[in-house]
Protein chains: 4
Amino acid sequence: MARLIDEGKIQRIKLATIQLVVQNGYGGASISSIAKRAGVAEGYLYRFYSSKQELVTELLYSQVARIVGKLESLLNTCTSTREVMTQLIGELFRMGTETPEEIRFIYVLMHDYNFQVSDLQRQHIKGLIDKVISIGIANGELNSRISAEEAYGMVIIYPIEFINLRMKGFFGIKEWTTEEQNRVAEFSINALK
Amino acid sequence: MARLIDEGKIQRIKLATIQLVVQNGYGGASISSIAKRAGVAEGYLYRFYSSKQELVTELLYSQVARIVGKLESLLNTCTSTREVMTQLIGELFRMGTETPEEIRFIYVLMHDYNFQVSDLQRQHIKGLIDKVISIGIANGELNSRISAEEAYGMVIIYPIEFINLRMKGFFGIKEWTTEEQNRVAEFSINALK
Amino acid sequence: MARLIDEGKIQRIKLATIQLVVQNGYGGASISSIAKRAGVAEGYLYRFYSSKQELVTELLYSQVARIVGKLESLLNTCTSTREVMTQLIGELFRMGTETPEEIRFIYVLMHDYNFQVSDLQRQHIKGLIDKVISIGIANGELNSRISAEEAYGMVIIYPIEFINLRMKGFFGIKEWTTEEQNRVAEFSINALK
Amino acid sequence: MARLIDEGKIQRIKLATIQLVVQNGYGGASISSIAKRAGVAEGYLYRFYSSKQELVTELLYSQVARIVGKLESLLNTCTSTREVMTQLIGELFRMGTETPEEIRFIYVLMHDYNFQVSDLQRQHIKGLIDKVISIGIANGELNSRISAEEAYGMVIIYPIEFINLRMKGFFGIKEWTTEEQNRVAEFSINALK
DNA sequence: AATGAATGAGTATTCATTCAT
DNA sequence: GATGAATGAATACTCATTCAT
């Protein structure tokens, strides 16, 4: 009977990759350092990913999917844009607190032209953002002429940028309060009014 | 009596570097590819820059300085935050139209941990943002509790992100109208109200 | 389960390095030429040595250690300076016959400012030379005012220089007889009388 | 009327080359650093020397010639080997005191296989050494079976090695007294008795 | 199945040399 | 004559990938 694939190893590979990409950038995260940190052989990675690029792409995909999934579930339960955005931004800040490496990972790669989000994922995001907008318009919360791009920038990009600015300590401080978190949501909503 | 330094070559090196960093990221822009595209010998770069890192850092510095300089001059002539932001965002869009690679260059490197803006430049930016805020508060345009980080995110980061989202065609469209440009300014101002 | 490290390859790297340093000096012995001669990939060297400098240093260390070790063991068994020196010089000539590249390797690097013998090794040599001297004085073979430096020059340096002069054919001849070998010992002993 | 060649520049090139080769080795003495230190343009060197190799070779030649010339003149004035050797070693130590870089220069290059003394110079040296020997034998100072090589090693090589050992501080001390200098001569003479 | 030995194309950088001025 | 701008082959070193075990 064939041994089962050791999920622990795969998890360790994923974790090590995220940590090392965040710490040293894509170029600085070598397969050998990833394998060493994950406690697996270098060659082992290639059983699951055909290249370093694929490994990182897949991880980026699943990290983005996590946020997208959250937005999707919020759209099923919330009745106002304000609620959606407050919750979503809350989730982003929670990620920043609990698994800072994961949000940093997205942050580091989202401007790298080698790592575009897949077309499918983009379509999906577009659909969800459209939903956010139509709820907002229906509720009179949003300016009826808001575009998906504008909303996406405010609802997703701005919060991620803000959190990372803070985590980097660009203006000196590295922590945040619940109040500040709520202000970010407030800004986004105000912006799109 | 020796040849004069060919300024054209230096310009071509700068241009090639910006283009290739934009296309392939810092890691993907090799000295050999830069030299080839600039039509100079590989070693020639090192007459002006002591390393690849210095070359890119210097280019980033001057691109950032361009935007910072614009903000600075606006603060000397404008009397309201609205005016400052409208003009600044206008400038960013102008860059996006006229020299799209340059704004992309900033966009690509601003998330790269190898390329932090220098402390001096950061201090400078902080000072200017503080000025924007105090004008806004004095004029009753801005919420009096706005932090520098929040303002920076809205005034600088959001517009850059928006322009790049559009230039990438993330939501399908790659051009923009003056009207859309003004809306971005409007969002920023609304956000910080 | 992975391949075993091929010790032959390491041996070939060592041999190739010694040969090429002897032929072309440290600067002229490029990693690429070493790898080619050893029949291994360029990168392979770096699995065992972190730099070219380390590779050569380590080889020099072990070659010097061989001679130093011989001297040390002679000091444990011989009862006169004459015996020590005759035997040591015999050993140096044996090296010159059997593994001429190795003694040439020492010869080439001992004047290279990049390759000082380690402090530890120097201390060790100093101690041994002191012992040679004290045996010689006790036996009435050596002038009691001989310094370590003077002895070192005669006991180690002069023979190495002589052998290499001969191997180079500086004065036309490249071979030597046992008689000549004994004369070298005789000179050294006479010098220090 | 053609300008005369500026001898000062050539002298400065020679000096700079010797200093930089001694300090950094042949490889570390770049044409650009030599030119800079000499205060001439890089290209200027190539008017007199067709390559870096030739420049250094020529300097080595003339440094060796200086010592050989001294030996030659001593052979015309001295009547005993003892006198020749005492004076010659005196000269070597004088070089070590007055122009240490020059004797170091010889020391550094004399083991470098890229810089063999020319055949002509070797022949010349051979002739002189033969003369030293025949004077010594005639005077009853030297063992009649001494070879040129043996004498060369003792008369030239050993003193150069000794001085450099001392200048390097291999055994801790870097200075020398006249007495020590005379002992070196004594050793050489004793050795060849 | 899993390892890690081995590869070699690729990297940034240096520097002796050439030659337009 | 003299300069120093410009070259490009060569250097030490890295690392994603392959594959024998």
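Residues numbered from 1 in each chain as written. Chains lettered and ligands numbered in written order. Predicted model: local features only at pLDDT ≥ 70, side-chain atom pairs only at ≥ 80, totals over all residues. Heavy atoms only, no water.

Novice: Give a detailed account of the overall build of chain A, specifying residues and quantitative values.
Specialist: If you tally the helices and strands in chain A, you get eight helices and zero strands. Helices and strands in chain A line up, N terminus first, as α-α-α-α-α-α-α-α. Seen through its C-alpha atoms, chain A measures out along the principal axes to roughly 60 × 45 × 30 Å. Counting only residues that meet the buried cut, chain A has 53% of its 193 residues in that class. Looking at chain A alone, contacts between residues at least 24 apart form 69% of all its contacts between residues at least 6 apart. Per element, the accessible surface of chain A, about 8800 Å² overall, is 51% carbon and sulfur. Computing the positive centroid from 22 side-chain charges and the negative centroid from 22, chain A places the two 4 Å apart. (Helix = DSSP H or I, 4+ residues; strand = E, 2+ residues; numbered from the N terminus. Buried < 20%, exposed > 50% of the residue type's maximum accessible area, 1.4 Å probe, protein only. Contact = heavy atoms within 4.5 Å. Areas by Shrake-Rupley, 256 points an atom, 1.4 Å probe, with all protein chains shown as cover. Lys, Arg positive; Asp, Glu negative; His and termini not counted. Charge placed at Lys NZ, Arg CZ, Asp CG, Glu CD.)

Novice: Would you mind going over the relation of the copies chain A and chain B in detail, with residue names and values included?
Specialist: At an RMSD of 0.6 Å, chain A and chain B line up after a rotation of 178 degrees and a shift of 0.1 Å along the axis. Taken together, the turn and the small shift mark the pair as related by a two-fold rotation axis. Considering only C-alpha atoms, the part of chain A nearest the rotation axis is Ala191 of chain A, at 2.2 Å. Looking at the interface residues of chain A, 97% of them are also at the interface in chain B, so both copies use one shared face. (Least-squares fit on C-alpha atoms with pLDDT ≥ 70 in both.)

Novice: Tell me about the interface of chain C and chain D, and name the residues and values.
Specialist: Across the boundary between the two partners, chain C contributes 38 residues, which contact 37 residues of chain D. For the pair chain C and chain D, the summed buried area comes to about 4100 Å², and 58% of that belongs to carbon and sulfur atoms. Ionic pairing is found between Arg145 of chain C and Glu179 of chain D, a salt bridge with its closest N-O pair at 3.2 Å. Taken together, the connections running from chain C to chain D amount to 18 residue pairs in polar contact (both at pLDDT 80 or more). (Buried area = accessible area lost by both parts, 1.4 Å probe. Salt bridge = Lys/Arg side-chain N within 4 Å of Asp/Glu carboxyl O. Polar contact = N/O pair within 3.5 Å; in protein donor to acceptor, adjacent residues only side chain to side chain.)

Novice: Describe the domain arrangement of chain A, and please don't skip the residues or the numbers.
Specialist: All names here are of chain A. Taken domain by domain, chain A consists of domain 1 (1–48) and domain 2 (51–192). A C-alpha centroid distance of 27 Å is found between domain 1 and domain 2. Counting each side, the surface lost to burial between domain 1 and domain 2 is near 1300 Å², with a carbon and sulfur contribution of 78%. Among the residues of domain 1 in contact with domain 2, Ile18, Val22 and Tyr26 are the three that bury the most area, contributing 50% of the side total. Across the contact surface, domain 1 and domain 2 share zero salt bridges. Sort the elements by how many residues they give to the side of domain 1 that touches domain 2 and helix α1 (residues 7–28) lands first, with nine residues. Of the residues contributing to the side of domain 1 that touches domain 2, the split by class is ten nonpolar, three polar and one charged. (Domains from an automatic or database assignment. Nonpolar A, V, L, I, M, F, W, Y, C, P; charged D, E, K, R; others polar.)

Novice: Can you explain the packing of aromatic side chains? Please cite residues and give values.
Specialist: The description of two aromatic rings rests on the distance between their centres and on the angle between their planes. Throughout the structure, instances matching the rule amount to 32 aromatic pairs over all chains. Here the aromatic rings of Phe93 of chain C and Phe162 of chain C are separated by 6.3 Å at their centres, their planes lie at 55 degrees, and the arrangement is tilted. Of this pair, Phe93 of chain C sits in helix α4 (residues 81–98) while Phe162 of chain C sits in helix α7 (residues 148–168); the two residues are 69 residues apart in sequence, bridging distant segments of the chain. Note on accessibility: Phe93 of chain C and Phe162 of chain C belong to one class, buried. Following the ring pairs from residue to residue traces out a cluster consisting of Phe93, Tyr158, Phe162 and Trp176 of chain A. (Phe/Tyr/Trp six-rings, centres within 6.5 Å; stacked < 30°, edge-to-face > 60°.)

Novice: Can you lay out the environment of Gly43 of chain B for me, pointing to particular residues and giving the numbers?
Specialist: In this structure, Gly43 of chain B sits in the loop between α2 (31–38) and α3 (52–77). Considered as a pair, Gly43 of chain B and Ile31 of chain B are twelve residues apart in the sequence and their alpha carbons are 9.0 Å apart.

Novice: Break down the pattern of salt bridges for me, citing the residues and quoting the values.
Specialist: All told, the structure shown has 36 salt bridges over all chains when counted by the stated rule. Close ionic contact of Asp130 of chain B with Lys126 of chain B constitutes a salt bridge, the shortest N to O distance being 3.1 Å. Of this pair, Asp130 of chain B and Lys126 of chain B are both found in helix α6 (residues 119–138), four residues apart, which corresponds to roughly one turn of the helix. A relative accessible area of 32% means that Asp130 of chain B is categorised as partly exposed. The salt bridge involving Arg122 of chain C is made with Asp119 of chain C; its shortest N-O contact spans 2.6 Å. With Arg122 of chain C and Asp119 of chain C both in helix α6 (residues 119–138), this residue pair falls three residues apart, about one helical turn.

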